[in-house]
Amino acid sequence: MGHLRQRRILVAIAGGIAAYKGAELVRLLKKQGAEVRVILSRGAREFITPLTMQALSGEPVHTELLDETAEAGMGHIALARWADLLVIAPATADVIARLAHGRADDLMTTVALATAAPVAVAPAMNQQMWANAATQENLTLLTQRNIQVIGPDEGEQACGDVGPGRLLEPSQILEALAGRFSSRQLDNKRVVITAGPTVEAIDPVRFLSNHSSGKMGFALARACAEAGADVTLISGPVHLSPPDRVKLVAVRSALEMHAEALAAAEGADLFIGAAAVADYRVASPATDKIKKDDRGELSLSLVENPDIIAAVSGLANRPALVVGFAAETSDLLAHARAKLAKKGLDMIIANDVSDPDTGFGSDHNAVHLIRAVSEQHLPLASKQVIAEQIVATLAKELAASSAAGAAQ
Ligand code: CTP
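Residues numbered from 1 in each chain as written. Predicted model: local features only at pLDDT ≥ 70, side-chain atom pairs only at ≥ 80, totals over all residues. Heavy atoms only, no water.

Turning to the sheet that holds strand β16 (residues 321-328), a few remarks are in order. Taken in spatial order, the 8 strands make up an open sheet running β12-β11-β8-β13-β16-β17-β18-β19, and their pairing is mixed. Only two strands of the sheet have a single neighbouring strand rather than two, namely β12 (246-250) and β19 (375-382). If you compare each strand with its neighbour and ignore which way they point, the axes differ by 20 degrees on average. Examined bridge by bridge, strand β13 (residues 270-273) and β16 share 4 bridges and lie parallel to one another. Among the inter-strand pairings, L270 is bridged to a residue of β16, identified as L321. Along the sheet, helix α13 (residues 332-342) makes contact with β16, β17 (347-352), β18 (364-370) and β19, crossing β17 at roughly 155 degrees. (Pairing = 2+ DSSP bridges. Helix = DSSP H or I, 4+ residues; strand = E, 2+ residues; numbered from the N terminus. Axes fitted to C-alpha atoms, helices over the stretch in contact; angles between N-to-C directions. Contact = heavy atoms within 4.5 Å.)

As structure tokens, then:
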């Protein structure tokens, strides 16, 4: 169940006798290598203490919507952005009703409204409350809004009743959550992704480069692999470990990335250029370390690097979808649209790197997906959530283009 490793899972525990099973869920998630943060409602604190949850999650526990110390550390909006997934377990009939009506009257429901991450609820209540038309209608509303409902189980209840409404076992909830991160949308597809910066040598000890962290490209590689694709990730030097089941090709210069990308992209289904490729390289890097002299200045002669993604787009056996990134500091959409046309891309993903929330090195992003015929905005979320949303869109486009190809 490697799908949960390094995932940021926000577990919200509502008040009910099943709250203790929420504690077990946190323990199991940690065991799977997930990063876990916990929200405890006021009712939940009658059954289980913040200290228990802090010990299990290894993080401070979040309890109140308006708490000065919490807001100074990780406030409700930061928490909503941090999450790759929010799971409310147990979710009482009351929480389900408040979610259905978009209420934001405590921390849990506010974060549920404020997050772009997927939300899941694991209901737990008395069987009569579960069967009530109000609860069932509320659940229908949640399902229509893509909130996953996990369970409930049937059987003997704490109140002595027998019927549906018991919280599923934590191991079953864990399995359902892991399943969220493994779709088969890109089964049998071959994907090539470039990521990170390139490094252009000046001499044996110095280089020109940029601030790219590689996080977005690596998040995309993970999302593609989890969707079933065969992924080659061609990356410049970064401080990240490659996701599971991804073939990493480590490169340094733009010329190396160019050669590897063209070789790998031939006949692939999807190419994503997430690398920040240096536009220029030093014309003739010195073979020995350059020494300081008395002139007080140094000139470097630079020559333009090949445009990797434009070359991939021009291949005879071109991938069905070629997708670029445009990291801009001004006139975001205009620059991005111009690059889409100039480089012969099917889509360009535009992001504003002048904003510290979405700039280089940030764990979050907010992007515009721009095609010749349509545009879509993906609001601020963790880079992994953004990557999954991008991959879901690209998988649909690939399916549509292969259906169109088959019809011809
Ligand atoms: N790109 C590429 N090869 C290059 C330069 C850019 O493959 N030599 C790709 C990037 O990976 C990205 C897209 O082109 O997908 C846009 O990159 P960007 O640096 O924004 O575009 P440039 O063409 O370099 O434009 P400028 O630096 O002038 O903004």
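Right, let's get into the pairing of strand β6 (residues 153-156). Side-chain direction in a regular strand flips from residue to residue, so the side chains alternate between the two faces of the sheet. Judged from the 4 bridges that link them, β6 and strand β7 (residues 162-166) form a sheet pairing that is antiparallel. Bridge assignment links E156 to a residue of β7, and that residue is V162. In textbook terms, the turn of a hairpin is the stretch between consecutive antiparallel strands, and for β6 and β7 this stretch comprises 5 residues, one of which, G160, has a positive phi near 100 degrees.

Each assigned domain of the protein is listed here: domain 1 (8-181) and domain 2 (190-289 + 298-402). Distance from the C-alpha centre of domain 1 to the C-alpha centre of domain 2: 36 Å. The partner domain 2 presents 12 residues to the 9 residues of domain 1 that form the contact. Both faces considered, domain 1 and domain 2 share a buried interface measuring about 800 Å² in area, 50% of it formed by carbon and sulfur atoms. The interface formed by domain 1 and domain 2 holds 2 salt bridges in total. The salt bridge involving R81 is made with D357; its shortest N-O contact spans 3.5 Å. Each residue belonging to the side of domain 1 that touches domain 2 can be placed in one class, and the counts come to 6 nonpolar, no polar and 3 charged. (Domains from an automatic or database assignment. Buried area = accessible area lost by both parts, 1.4 Å probe. Salt bridge = Lys/Arg side-chain N within 4 Å of Asp/Glu carboxyl O. Nonpolar A, V, L, I, M, F, W, Y, C, P; charged D, E, K, R; others polar.)

Bringing the sheet that holds strand β5 (residues 148-149) into the picture now. One open sheet holds the 5 strands; their spatial order is β2-β1-β3-β4-β5, and the pairing between them is parallel. Here the strands that pair on one side only, and so sit at the sheet edges, are β2 (35-40) and β5. As defined by bridge partners, strand β1 (residues 8-13) adjoins strand β3 (residues 85-91) across 4 bridges and the pair is classed as parallel. If you follow V11 over to β3, its bridge partner there is V87. Where helix α1 (residues 19-31) meets the sheet, its contacts fall on β1, β2 and β3, and the angle it forms with β1 comes to roughly 170 degrees.

What follows deals with the packing of aromatic side chains. The relative placement of two aromatic rings is captured by the distance of their centres and the angle of their planes. Taken as a whole and judged by the stated rule, the model has 0 aromatic pairs. Just above the ring of W82 sits the side chain of R37; from NZ or CZ to the centre is 5.6 Å. (Phe/Tyr/Trp six-rings, centres within 6.5 Å; stacked < 30°, edge-to-face > 60°. Lys NZ or Arg CZ within 6 Å of the ring centre and 35° of its normal.)

With that settled, consider the site of the ligand. As a structural note, the neighbourhood of the ligand is formed by G273, A275, V277, D279, P306, D307, I308, I309, G324, F325, K339 and K343. One of the backbone N or O atoms of P306 is found 2.9 Å from a nitrogen atom in the ligand. For the ligand, an oxygen atom lies 2.9 Å from a polar atom in the backbone of F325. When each cavity is represented as a set of grid points, the ligand is found to reside in the largest pocket. Contributing elements (two or more residues each) for the shell around the ligand: α12 (308-313) and β16. (Near = heavy atom within 4 Å. Polar contact = N/O pair within 3.5 Å; in protein donor to acceptor, adjacent residues only side chain to side chain. 1 Å grid on protein atoms, 1.4 Å probe; cavity = no way out; pocket = protein on both sides within 12 Å on 5 of 7 lines; lining within 4 Å. Sits in = over half its atoms within 2 Å of the grid points.)

Let's shift gears to the layout of surface pockets. By volume, the largest pocket amounts to about 1,100 Å³. Around the largest pocket sit 43 residues that line it, and A275, A276, V277, D279 and F325 are the ones nearest its centre. Those elements that place two or more of their residues in the lining of the largest pocket are β8 (190-195), α10 (215-226), β13, α12, β16 and α13. Here the lining of the largest pocket takes 4 residues from β16, the largest share from any one element. As a volume, the second largest pocket reaches approximately 750 Å³. Counting only elements with at least two residues in the lining of the second largest pocket, the list comes to α5 (93-100), α6 (107-114), α10 and α14 (383-407). Broken down by element, the lining of the second largest pocket gets its largest block of residues, 5 residues, from α14. Among the residues forming the lining of the second largest pocket, the class breakdown is 14 nonpolar, 8 polar and 7 charged. When residues of the lining of the second largest pocket are sorted by domain, at least three fall in each of domain 1 (8-181) and domain 2 (190-289 + 298-402). (Points joined across faces, edges and corners; volume = space filled by probe spheres on them.)

The next subject is the nonpolar core. I88, L186, I193, L220 and I390 are the most contacted members of the largest nonpolar core, which has 67 residues in total. Excluding residues that lie within four positions of it along the chain, L186 makes contacts with V191, C224, A227, G228, A229, V391, A395 and L398. Of all hydrophobic cores here, the second largest spans 33 residues; its members include L28, L168, L177 and F181. (Core = buried A, V, L, I, M, F, W, Y, C linked by side-chain atoms within 4.5 Å. Buried < 20%, exposed > 50% of the residue type's maximum accessible area, 1.4 Å probe, protein only.)

As a further point, take the environment of A89. Topologically, A89 is positioned in strand β3. A C-alpha to C-alpha distance of 9.4 Å links A89 and A23, two positions 66 residues apart in sequence. If near-sequence neighbours (up to four positions away) are discounted, A89 is found in contact with A12, I13, G22, L25, A122 and I173.

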